[in-house]
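Close look at the chain arrangement
The lines below spell out each chain.
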Amino acid sequence: MQRSRWPVAVALLAAAALTALTACDYVTDPSPEPTTTASTTPSPTEPTGPTGLDGPSGSSEPEPAETETEPEEPASPTPPSEAEMPGEPVEGFPEVGTSLVITGVPAQEVLNLRIGPGIEFASVARLTPDTRLVATGRNRDTGGAGLWYQVRAGEDVGWVFARYVAEPGASRDVTDHFDPPPSADRPGDLVDLVVERWQPGSGDDEVVVFGPVVIDDDLQVRVDVPATDDSVVGARLFVVAARDDDGFTVTRVTATQLCARGVSGTGDCV
């Protein structure tokens, strides 16, 4: 009789899944991580020996049951000292009190806030793309692991990878730039048309950070379009489109500059 190959196939699939998850963790960390986690089922506890009146030790009385105790709360991770941190401190942007936004993180993902400047440090919070941040003025260049900023997110304080934060500049109505207004049957197609009109040839680099959602027959979506300028991370486009017979047609677009080195008095990146 031919032996079943199911156990081998399952083992291979499990190994492949583990490899994929590991690779994904390195790709998306310290960038956003998916919020869903795989559940596991614990295996049943195996007996340590024969049971019965004699008990495992061979005595004539059964062993007393173990007393259950309340599990202790896990200790909070301890922030590393200055000497334990990799790299060197960096002065300048962002200075203490600078307001920052998360950029380039898809709406369904999160950004790790870590206890230290590097992926080797524990994550103390997972930040959704709409989380507002305030810089503490401590910045660290770790060399190969890049530049990290220490920020405050509500009551949490930790480090974020600099690539995924920026200082927002002025917001301007740029609807006139989209004449004639783009139309599409599907929200995703409309976003592609808007991004291509805003920055031709940008390809698939845009990141939807909010929506798309429909509110009172108006489609709303917020999308980050990266830039190649050293001082400009990109632009955040807030798109409003009305539902019509053709699907959706753009009625308003607002653009906010996302700045990598600070904002001038006029709201432009410096």
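Residue positions are given per chain, counting from 1 as you read along its sequence in written order. Under the rules for a predicted model, residues below a pLDDT of 70 receive no local features and side-chain atom pairs below 80 are neither given nor counted, while totals for whole chains, interfaces and linings still include all residues. Each side-chain value is derived from all of the structure's non-hydrogen atoms; neither hydrogens nor water enter the calculation.

1. Digging into the overall build of the protein
Secondary structure elements follow DSSP: runs of H or I no shorter than four residues count as helices, runs of E no shorter than two count as strands, and numbering proceeds from the N terminus. The number of helices and strands found in the protein is 2 helices and 14 strands. Of all 270 residues assigned to the protein, the portion counted as buried reaches 36%. Should any heavy atoms of two residues lie within 4.5 Å, those residues are counted as being in contact. Partitioning the intrachain contacts of the protein with sequence separation of at least 6 by distance along the chain shows that 56% fall at a separation of at least 24. Method for areas: the Shrake-Rupley scheme with a 1.4 Å probe, in which residue coverage is limited to the protein chains shown. In the form shown here, the protein has an accessible surface area of approximately 17,100 Å², with 53% of it arising from carbon and sulfur atoms. Categorising residues by exposure relies on relative accessible area from a 1.4 Å probe, with only protein chains included: less than 20% of the type maximum marks a residue as buried, more than 50% marks it as exposed, and the intermediate range marks it as partly exposed.

2. As for the nonpolar core
Put simply, a nonpolar core is a bunch of buried Ala, Val, Leu, Ile, Met, Phe, Trp, Tyr and Cys residues held in one set by side-chain atoms that sit within 4.5 Å of each other. Core analysis: the largest hydrophobic core is formed by 20 residues, its most contacted members being Leu-111, Leu-113, Leu-127, Leu-133, Val-151 and Val-160. Where this core is concerned, the elements lending two or more residues are strand 3 (99-102), strand 4 (109-114), strand 5 (123-127), strand 6 (132-141), strand 7 (147-153) and strand 8 (156-161). With 4 residues, the single largest contributor to this core is strand 7. Judged by nonpolar contacts, the second largest core, of 18 residues, contains Ala-184, Leu-190, Leu-237 and Val-253.

3. Details of the packing of aromatic side chains
The criterion for an aromatic pair is that two Phe, Tyr or Trp rings (for Trp, the six-membered ring) have centres within 6.5 Å, with stacked assigned to planes under 30 degrees apart, edge-to-face to planes over 60 apart and tilted to the rest. In this structure the tally under the stated criterion is 4 aromatic pairs. Aromatic side chains Phe-93 and Tyr-149 sit 6.2 Å apart centroid to centroid with 90° between the ring planes, which places their arrangement in the edge-to-face category. Highlighted residues: Phe-93 in the loop between strand 2 (88-89) and strand 3 and Tyr-149 in strand 7, separated in sequence by 56 residues. Between Trp-148 and Phe-161, the ring centres sit 5.4 Å apart and the planes meet at 50°, which makes this aromatic pair tilted. Taken together, the residues span a long stretch of sequence, with Trp-148 in strand 7 and Phe-161 in strand 8 at a distance of 13 residues. An identical accessibility class is assigned to Trp-148 and Phe-161; each is buried. Among the aromatic side chains, those forming a connected cluster through ring pairs are Trp-148, Phe-161 and Tyr-164. The criterion for a charge sitting over a ring is simple: Lys NZ or Arg CZ within 6 Å of the ring centre, and within 35 degrees of the ring normal. Across from the ring centre of Phe-210, 5.0 Å away, lies the NZ or CZ of Arg-222, which sits over that ring.

4. Some thoughts on the state of the cysteines
In plain terms, two cysteine sulfur atoms within 2.5 Å form what is called a disulfide here. By the definition in use, this model includes 1 disulfide. Bridging Cys-259 to Cys-269, the disulfide has an S-S length of 2.0 Å. Between Cys-259 and Cys-269 the disulfide shows an S-S torsion of about -80°. By sign, it is left-handed. Of this pair, Cys-259 sits in strand 14 (residues 247-259) while Cys-269 sits in the segment after strand 14, and the two are 10 residues apart along the sequence. Grouping residues by exposure puts Cys-259 and Cys-269 together as buried.

5. Looking at the environment of Ala-162
Assignment of secondary structure puts Ala-162 in the loop between strand 8 and strand 9 (165-173). Residues Ala-162 and Tyr-149, spaced 13 residues apart in sequence, show a C-alpha to C-alpha distance of 5.9 Å. What Ala-162 contacts, discounting residues up to four positions off in sequence, is Leu-147, Trp-148 and Tyr-149.

6. A word on the confidence of the model for the protein
Note on scores: pLDDT gives the predictor's confidence for each residue, bounded by 0 and 100. Averaged over all residues, the pLDDT of the protein equals 79, while 72% of them reach at least 70. Residue range residues 1-71 is modelled with pLDDT below 50. Its contacts to residues more than four positions away, or to other chains, number 38 contacts.

7. Some thoughts on the pairing of strand 12 (residues 218-226)
Two strands pair when backbone bridges link them, and strand 11 (residues 207-215) and strand 12 are joined in this way by 6 bridges, in the antiparallel orientation. Directly across from Val-214, in strand 12, lies its bridge partner Leu-219. Here the rule is simple: two strands pair whenever DSSP picks up at least two bridges between them. As consecutive antiparallel partners, strand 11 and strand 12 are separated by 2 residues, and within that stretch Asp-216 has a phi angle of approximately 55°, a positive value. The pairing of strand 12 with strand 13 (residues 232-244) spans 9 bridges and is antiparallel. Bridged to Arg-222 within strand 13 is Phe-238. Count of turn residues in the strand 12/strand 13 antiparallel hairpin: 5 residues.

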